Protein chains: 2
Amino acid sequence: MSVVTSGRYTFPSYNLVFFIFLQLGLHSVEGVWPLPQSITSSPERYPLNPQAFYFTYGSQSAAQEGCSVLDEAFKRYFSLIFPDYSSGYGFLRFSVDKPFTVQVSVGRDDCDSYPDEDSSEQYTLSVSAGQASLKAETVWGALRGLETFSQLVYQEDFGSYYVNKTEIKDFPRFQFRGILLDTSRHYLPVQAILKTLDAMAFSKFNVFHWHIVDDPSFPYQSRTFPDLSAKGAFHPMTHIYTQSDVGRVISFARMRGIRVLPEFDSPGHTQSWGKGKNSVKLPTSSQSDLLTPCYSGSSPSGTFGPVNPILPSTYKFMATLFKEVSSVFPDSYIHLGGDEVNFSCWKSNPDVRAFMLKMGFGADFTKLEAYYMENIVNITVALNRTSIVWQDVFDYHERIPKDTVLHIWKGLPASYAAELSAITKAGYRVLLAAPWYINHISYGQDWRNYYTVQPLNFSGTEEQKKLVIGGEVCMWGEYVDATNLTPRLWPRASAAAERLWSDEKQTSDVDKAFPRLQDFRCELLRRGIQAEPLFVGHCKHEYQGV
Amino acid sequence: MSVVTSGRYTFPSYNLVFFIFLQLGLHSVEGVWPLPQSITSSPERYPLNPQAFYFTYGSQSAAQEGCSVLDEAFKRYFSLIFPDYSSGYGFLRFSVDKPFTVQVSVGRDDCDSYPDEDSSEQYTLSVSAGQASLKAETVWGALRGLETFSQLVYQEDFGSYYVNKTEIKDFPRFQFRGILLDTSRHYLPVQAILKTLDAMAFSKFNVFHWHIVDDPSFPYQSRTFPDLSAKGAFHPMTHIYTQSDVGRVISFARMRGIRVLPEFDSPGHTQSWGKGKNSVKLPTSSQSDLLTPCYSGSSPSGTFGPVNPILPSTYKFMATLFKEVSSVFPDSYIHLGGDEVNFSCWKSNPDVRAFMLKMGFGADFTKLEAYYMENIVNITVALNRTSIVWQDVFDYHERIPKDTVLHIWKGLPASYAAELSAITKAGYRVLLAAPWYINHISYGQDWRNYYTVQPLNFSGTEEQKKLVIGGEVCMWGEYVDATNLTPRLWPRASAAAERLWSDEKQTSDVDKAFPRLQDFRCELLRRGIQAEPLFVGHCKHEYQGV
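For every chain, the first residue of the written sequence is number 1, and numbering continues from 1 along that sequence. Working convention: letters from A go to chains and numbers from 1 go to ligands, in the order in which they are written. The model is predicted, so local features are restricted to residues of pLDDT at least 70 and side-chain atom pairs to those at 80 or more, both for listing and for counting; the totals for chains, interfaces and linings are taken over all residues. To get the side-chain values, all heavy atoms of the structure are used, and hydrogens and water are removed first.

Novice: I would appreciate a short explanation of the pattern of salt bridges in the present structure.
Specialist: It is possible for side chains bearing opposite charge to pair when their charged atoms get close. The term salt bridge refers to a pairing of a side-chain nitrogen on Lys or Arg with a carboxyl oxygen on Asp or Glu at a separation within 4 Å. This model, assessed by the stated rule, comprises 46 salt bridges over all chains. Across the salt bridge formed by Arg185 of chain B and Glu478 of chain B, the nearest N and O atoms sit 3.5 Å from each other. One end of the pair, Arg185 of chain B, is in the loop between β8 (176-182) and α5 (190-202); the other, Glu478 of chain B, is in the loop between β17 (468-475) and α17 (485-489), and 293 residues separate them in sequence. In this pair, the class of Arg185 of chain B matches that of Glu478 of chain B, namely buried. Residue Lys410 of chain B is joined to Asp392 of chain B by a salt bridge in which the shortest nitrogen-to-oxygen separation is 3.9 Å. With a gap of 18 residues between them, Lys410 of chain B in the loop between β15 (405-408) and α14 (413-425) and Asp392 of chain B in helix α13 (residues 392-396) connect regions that are remote in the sequence. Burial classes: relative accessible area under 20% of the type maximum marks a residue as buried, over 50% as exposed, and values in between as partly exposed (1.4 Å probe, protein chains only). Accessibility expressed as a relative area gives 3% for Asp392 of chain B, which makes it buried. Among the charged side chains, a network of salt bridges with common partners joins Asp182, Arg185, Asp214 and Glu478 of chain A. Strands here are runs of E lasting at least two residues and helices are runs of H or I lasting at least four, both read from the DSSP assignment and numbered beginning at the N terminus.

Novice: What is the right way to read the environment of Arg488 of chain A from this model?
Specialist: Among the structural elements, Arg488 of chain A can be located in helix α17 (residues 485-489). Classification of Arg488 of chain A by relative accessible area gives buried; the value is 10%. When the C-alpha atoms of Arg488 of chain A and Thr242 of chain A are compared, they prove to be 27 Å apart, with 246 residues separating the residues in sequence. A contact between two residues is defined here by any heavy atoms of the two lying within 4.5 Å. Apart from the residues lying within four places of it in its own chain, the contact partners of Arg488 of chain A are Ile438, Asn439, Ile441, Met475, Tyr479 and Val480 of chain A together with Glu532 of chain B. Nitrogen and oxygen atoms within 3.5 Å of one another constitute a polar contact, given that in protein one can donate a hydrogen and the other can accept it, and given that sequence-neighbouring residues count only through two side-chain atoms. Within the local environment of Arg488 of chain A, its side chain forms a polar contact with the side chain of Glu532 of chain B, the two groups lying 3.1 Å apart.

Novice: What's the story with the relation of the copies chain B and chain A in this structure? I'm lost.
Specialist: There are two copies of the chain, and a rotation about an axis plus a shift along that axis relates them. A least-squares fit on C-alpha atoms brings the copies together, and the residues used are those whose pLDDT is at least 70 in both copies. The two copies are related by a screw operation: chain B maps onto chain A through 180° of rotation and 0.0 Å of translation along the axis, at an RMSD of 0.0 Å. Interpreted geometrically, this transformation is the action of a two-fold axis. Using C-alpha coordinates, one finds that chain B approaches the rotation axis most closely at Ser442 of chain B, a distance of 2.4 Å. The share of interface residues of chain B whose copies in chain A are also at the interface is 98%, consistent with both copies meeting through the same surface.

Novice: Looking at this model, I keep getting lost on the side chain of Thr424 of chain B. Mind explaining?
Specialist: All names here are of chain B. Along the chain, Thr424 falls in helix α14. For Thr424, a relative accessible area of 2% gives the class buried. Within the structure, the side chain of Thr424 is placed 2.6 Å from the backbone oxygen of Leu420, a separation counted as a polar contact. Within the structure, the side chain of Thr424 is placed 2.9 Å from the side chain of Gln464, a separation counted as a polar contact. Among all residues touching Thr424, those that are not within four sequence positions of it are Val430, Phe458, Gln464, Leu467 and Val468.

Novice: Explain unusual backbone geometry to me, please; I cannot follow it from the model alone.
Specialist: Among all residues except glycine, the phi angle is most often negative; among peptide bonds, the trans geometry is most common. Following Ser266 of chain A, the chain continues to Pro267 of chain A via a peptide bond in cis, the omega torsion being 5°. For the bond from Trp33 of chain B to Pro34 of chain B, the omega torsion is -5°, close enough to zero to count as cis. Structurally, Pro34 of chain B is set in the loop between α1 (14-24) and β1 (38-48). With phi around 50°, Glu340 of chain A is a residue other than glycine that occupies positive phi space. Here Glu340 of chain A lies in the loop between β13 (333-337) and α10 (344-348). Residue classification places Glu340 of chain A among the buried residues on the basis of a relative accessible area of 8%.

What follows is the structure, given as C-alpha cells:
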C-alpha cells in the first residue's frame, strides 16, 4: 500500500461512494450535467415508447416546422434518447402505447441566425403525464432544454425508457463557455472537430474557439492568399481546411447553438505564415515581407521573427486577410492573439530600431507591440467586430478600445485572480482560460481542479465581476491530435462546463459532483463519445469502438 | 514565453530535427523499431508490386505450407505491407512486374506449439534483388523477422512500394518483454485486448501479462467456480471473460508469438473473490470462507480482509482453481501476485492470532504471509509451473523455490537497482517493471524516461546480470479502459520495447531515437493503432477513426 504516484495499487475512499451508487442503480434528475439552476422532481414517472414519442412546436411558438435548427435537433435528440431503437436493436413494447409529446415553444423566430454573445439560453422545462413543455426565448435556449430533457430520460434494465415528473428553470451563469482546439501544432481532421462540437453541446458549451493557425502550420485555406496554406500547411492538400470545410464546421456548430470564434494570432506565433509570404521571393511584392528578417550582427541571418510591424504593407495584408475572415466567420468576435511576442528578432533588425527611434519608442519594444496591436484591433473595429486578445496586450498597454475582450491565460491561482482584478478595474471584459489548460495532464483525478475553480473569487466590485464574461477550456496541440483528443477532453472539460453553467453554491461540493459526473461520462459513452474513466468502475455500455 | 508546464506555447529545439527529417522525406532502414542488433543496408532499392509479391517457405524449412502460425502471418503482413492495395484503394502498376519473393525457413517445425520462456527469437534477413531470405530457428523468430521486413518496405509519394538491399542479424537482448493489462479495475472488451496484442507484435513484445482479477472485479469466468464471476464481476453477463474469450486471446497471442501469463493475485487484492465466496452463506461449505473476516473488538465487523491463510479449505480451493488455470493457460509461468497485503484484518481476527501462536510466528505477520505464499507456490510447483510473484514475497522471506521469478514494482531508480542486486545475489531470476508504470502519465515527452532505463545498471556480477530475464510495461487500470488504453500505451510502450530488444550501446542516444520513434508512430497509425503523438508535427496518414 502506498501513495498514488508510486503505489502498485491504491483505493481511495471516495470510490466507495461510487460503488454504492452503481449498485443501487439509482437514477435521479440530479443526473443532469451541468446542473440546472432550479430543478424539482418527483418519484412519479412516465414510460416512454419510441413509437409514440413526438417533438412538436407549441402553437404559440414563433418558430414552427421548417425551423432548421429545431427540426434537426428533434431528429438528433430522438436518436440520443432512444439509442437502442435508433440503432435497430429496439423491439416493440406494446405495453406502452400512450403517446408522449415534447412541445417546444420559442419567443423569437431566430432559426436562421447565428448564436452570438447576447443570445439568451434560458429555458423552462415542465415534464408531466404524457407531455413535456419546453419554453425558451430563442432557439438556442430551446437546444439547451432539449439537451436537459434527453438527460432526464433513462432506461431500465429490461430496456424500458422512463422520465420523471420534473420542473426546471434554467439559464447559464456565464455567457461565454468555450473550448479551444489548436489545429496548427497538429492537424485535426474535420470529423474530429465535428465530434468535439457534438460533445460540447452535451455539456452546454457554446463557443468553439478555433486556434486555427500558429507557428507549426497554417491549415486555413485562404481565398485571398492561397499560398499561406499551400506553403504553410503540413501538407497542401491533405492537411488543410478548405472554405467548404470551414463552412461545414460553422454550420454544424450553429445547429448546436455553438459560436465559432476564429483566432489568427499575430504578431508572434506566425512562423508558418512566413512560408507563404517570406520564403518565396516574389518580384518586389511587399507581401513577401510579412515576417521581420532577423539579423546576426549587420546582416540578415536568414531566419524570420514576428510579423514586421514597421511596414505599411503588413497592415494592408492584415486588413485584406481579416476582411476575408470576417466574411467567412459570422461571429461578432475575432480573436487576434497578441501573446508571447519575442522581441529579440525585432531588436536585431536595424530598420526596426530606426522605426523605434522615429516613433519615439526608445528601447521599449512593448510600445512597438502595442503600436502593432492597436493597428490590428482598429482593422477589426472597422469590420464591425469585437476584438478578443490574450492578456499580454493589456499587460503592455491600455490604448485599446473599451469593448475589447481580454483573455487570461497566465499564471497560478493568485496571479490570475490579480489579473482579473486589474483588467476589470480598467473596465474591460475578461475571459478566463488560465485554470483550464486541459492539455496539461497529470495522474489521477485532475478534473477536481477544473471543477473547483471559482472565476469570481477575486478582489473587485460587483460591477467588475459582471465583466467576467466566462471561461474557456484550452486544448493546446503540442501532444494532442485526433488519436487522443477525445479521451483527454472528456469528461475533464465537463467539469469546467458545470462550473461555467451552474449555480456556484449548488455545485460547491466536488465529492457530490463525482457520482454525477461518473454517470454523465457513461452517458457520453452511450452517445459514442470516447470519454475516459474518472476512476475504477464500469458503465453498463462500455466503449466498443476499438 | 515560459516553461512547458505553464506556457501558452513552447517549442523545444529538438523538434527542429523532426521537421528536417520529415521535410527531406528520408527513409532509412534505421527506421526499424526496435532497432535490430546488426543491420547493413545500401541505397540500392527494389520496387515491389503487390500483384507479384509472395511469401513462400524455403525448401529446407522444417515448417511448410499448413503451418498455421506462418500461413496466417503471411496474410497479415501482406495487408500491413500493402495497405492501399489491401483496402481496395490500390491500382495496378504495370511498370513493375518482376516478382519479389520472401522465402522463410525455420529450423524446427514448432507450428503447433506455444512460445515459451526459452523460445529462440533470433533471425537473419537478407534482402536482395527479387527476393528476401528470412531464416530463424523457430516460427517465433520468423515472426520477428516478418515484422522487421514489413518495416523495411516504404511507399513513395506517388504510391510505389520499395525495399532497400539490406542484411540483418537480429535477436532480443532480453527474453521477457511484457505488457501488463489490468482487467479488474476496468473491464476491457476482448477486442481491446486483441488490438493490444496486435500492436505488441509491431514492437516485438512477447508476453501479455493478464492481471485478470483484483479487488474491484473478477471477470474471469471459472469452469469450476462460476460464482466468482457471477457475483464478483462488474456485470455477470457483459463484463466477463468466458472460457471461449480466454481461448481466443491465447490463440490470437500465439499467432503473434506472444505468451499469455495469467495473474491470480492473492492473498491481498481479492475483495472481488469474496463476493462469490463469502457474501453468500452456503450451507456449512468451507468455500464460503475464503476471505478473512475482520473483527471490530471481539465481534466480526462484517468486512473481509485478505484470503484466510489459516484454513485448510483455502488451500484446497486454491489448488482446484490453479489446476483449472493451468489447464486453461498453456504458459509455463503462473503469476501468483503476493503484493501489498494489509495485515490489519488478520491482526484483528482472534482465530488468526491463535494460529500465529500455534505456528510460532509471534507477532510477525510477514511470517504468516510467507507461510501462505509458500503453500500457494507449492501448488504451482505441483502443477509443473514456474511461479512469478511480486517482490514483496522476496522482501518478506526467502523460503521459496529457486526457480521462482521475482517481479520488481517498487521504488525510485536507486531502490529498484538495490532490489535487482539483492534478488539476483540470492540467485533468483528477476523481472523489472518499476520504471515502466506507464499508467502514470505526465505532461510532455515522458517516453524519454522509459527509453533511458538501464535494467542492468546495478551492482552485481555477470552471473547476477544474467538473472534479469527482462522487463514489463504495466498499464494499471485505475484511470484506464478501452476509451484511452491505446493512446496511453502507444507509442510510449514502444520506447520500453526498444530498451528490452536492442543493443544498449546502439540505442544510448534518446535524441537519435526521437525521429525514429516519430516515424514508427506514424507507421502504427497507418496500421490502425490509435497511437498518440510525441510532439508537434504530422503523419502522412493521420488517424481518421474518430
